[in-house]
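Observations on chain architecture
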Amino acid sequence: MTIECLSTNKMFGGWHKQYSHQAKSLNCSMRFAIYLPPQASSSHKVPVLYWLSGLTCTDENVMQKSGIQRIAAELGIAIVAPDTSPRGEGVADDDGYDLGQGAGFYLNASQAPWNRHYQMYDYIVDELPALIEATFPVSNKRAIAGHSMGGHGALTIAMKNPQRYSSVSAFSPISNPINCPWGQKAFSAYLGDDKESWREHDASELMRNVKQFVPARVDQGEADNFLEQQLKPDTLVLAAKSNGYPLELNRHEGYDHSYYFISSFIEQHLRFHYEHLLTA
């Protein structure tokens, strides 16, 4: 598979690189970023943390705003940040920021016109990791994390694929999308009217019912403008308790939904993943 390097920047002894490639699962060109820590080499393959971003974001948000590379360089973890949706001319879109390009919700759309390109689940779970592991000095030890819509994606993907990920974490995830406006709008468009199929992409529903557990950490700001209407972390807590799921949920007074919040606690998330990657 051919990939094109768009930019290269040295950071903390390692390298941040941005690439584009033709994604078969999405039928369009996609961009992703990778941070390779200084420990990565052909003789020393490093584990990977996949980071899924939120609505309207691209690969650049976490790489430019979170400070994630400093701790990744210390711990020897590669960071991969894909885009949040298929993009480009001919790719279905919507006037709203919460549907279409920039709002892929990390699922496979079954409804036209979305189903031609919006197969983000297949891209994140299968195509992108295969490309990363074939191209860069990384191992098949993987963890996954995300923010908001990406927190929803990270939690649901990890719980549906417990054999693929050592751990999962999320900042301010959309925890119960079948019962919030963002989720209902996206699921109606991408998945249609069969609300039973929606449950397969709802972190609270999955956490209540899965049999194999992936250790999970969630951090939520108490001053988040989206807390009550869109995020609903209490449903995740209740689901975890009902199933004995190993969820660590931390609440932080005064913090909002932004990357100011994420950068304040990103180190704790990387150290959480490092502990589990060591034993994977």
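To be clear, the structure that these remarks concern was listed above.
Notes on the structure in this doc start here. (Residues numbered from 1 in each chain as written. Predicted model: local features only at pLDDT ≥ 70, side-chain atom pairs only at ≥ 80, totals over all residues. Heavy atoms only, no water.)

**Re the pattern of salt bridges**
Side chains that carry opposite charge are capable of pairing whenever their charged atoms lie near each other. As enumerated under the stated definition, the model contains 16 salt bridges in all. Among the salt bridges present, the one from D83 reaches R87, with a minimum N-O distance of 2.6 Å. A salt bridge links R142 to E133; its shortest N-O distance comes to 2.7 Å. One network of salt bridges, with partners in common, ties together R70, E74, E267 and R271. (Salt bridge = Lys/Arg side-chain N within 4 Å of Asp/Glu carboxyl O.)

**A word on the layout of surface pockets**
Taken as a whole, the largest pocket spans an internal volume of roughly 200 Å³. For the largest pocket, the lining is made up of 13 residues, of which L55, T56, C57, H147 and H257 are closest to its centre. The residue makeup of the lining of the largest pocket, split by class, is 6 nonpolar, 6 polar and 1 charged. (1 Å grid on protein atoms, 1.4 Å probe; cavity = no way out; pocket = protein on both sides within 12 Å on 5 of 7 lines; lining within 4 Å. Points joined across faces, edges and corners; volume = space filled by probe spheres on them. Nonpolar A, V, L, I, M, F, W, Y, C, P; charged D, E, K, R; others polar.)

**Quick look at unusual backbone geometry**
The omega torsion of the bond from A112 to P113 falls at 0 degrees, within 30 degrees of zero and hence cis. If you trace the backbone, P113 turns up in the loop between β5 (78–82) and α3 (120–135). Although it is not a glycine, K232 adopts a positive phi angle of roughly 55 degrees. Turning to its location among the elements, K232 is positioned in the loop between α8 (227–231) and α9 (233–243). Look at K232 and you get partly exposed, because its relative accessible area is 24%. (Helix = DSSP H or I, 4+ residues; strand = E, 2+ residues; numbered from the N terminus. Buried < 20%, exposed > 50% of the residue type's maximum accessible area, 1.4 Å probe, protein only.)

**With respect to the side chain of D83**
Of note, D83 is situated in the loop between β5 and α3. Using a relative accessible area of 5% as the deciding quantity, one classes D83 as buried. Polar contacts involving the side chain of D83 include one to the side chain of R87, which spans 2.6 Å. When near neighbours in sequence (up to four residues on either side) are disregarded, D83 contacts M30, R31, C57, T58, D59, Y106 and M120. (Polar contact = N/O pair within 3.5 Å; in protein donor to acceptor, adjacent residues only side chain to side chain. Contact = heavy atoms within 4.5 Å.)

**Some details on the pairing of strand β4 (residues 46–52)**
Summarising burial for β4: 7 of the 7 residues are buried, a large majority. Inspection of the sheet shows β4 paired to strand β6 (residues 138–147) by 6 bridges, in the parallel sense. Its bridge partner lying in β6, W51 is registered against A145. Of the pairings in the sheet, the one linking β4 to β5 comprises 3 bridges and is parallel in character. Bridged to V48 within β5 is A78. (Pairing = 2+ DSSP bridges.)

**Some remarks on the packing of helix α2 (residues 68–75) against helix α10 (residues 259–279)**
A pair of packed helices can be characterised by two numbers: the angle between their axes and the separation between those axes. Remark: α2 packs on α10, axes separated minimally by 9 Å, with the N-to-C direction vectors making an angle of 30 degrees. With respect to their mutual orientation, α2 and α10 come out roughly parallel. Relative to α10, the crossing made by α2 is right-handed. Counting all contacts with α2, which are made through I68, R70, I71, A72, E74 and L75, the residues of α10 involved are I266, E267, L270, R271 and Y274. Classifying every residue of the contact of α2 with α10 gives 7 nonpolar, no polar and 4 charged. (Axes fitted to C-alpha atoms, helices over the stretch in contact; angles between N-to-C directions. Parallel < 35°, antiparallel > 145°, perpendicular 65-115°, else oblique. Left-handed = near helix turned anticlockwise from the far one by under 90°.)

**Remarks on α2**
Counting buried positions along α2 yields 6 of 8 residues, so the element is predominantly enclosed. Those residues of α2 that fall on the buried side of the exposure criterion are I68, Q69, I71, A72, A73 and L75. One or two residues past the end of α2 sits G76, with phi positive at roughly 75 degrees.

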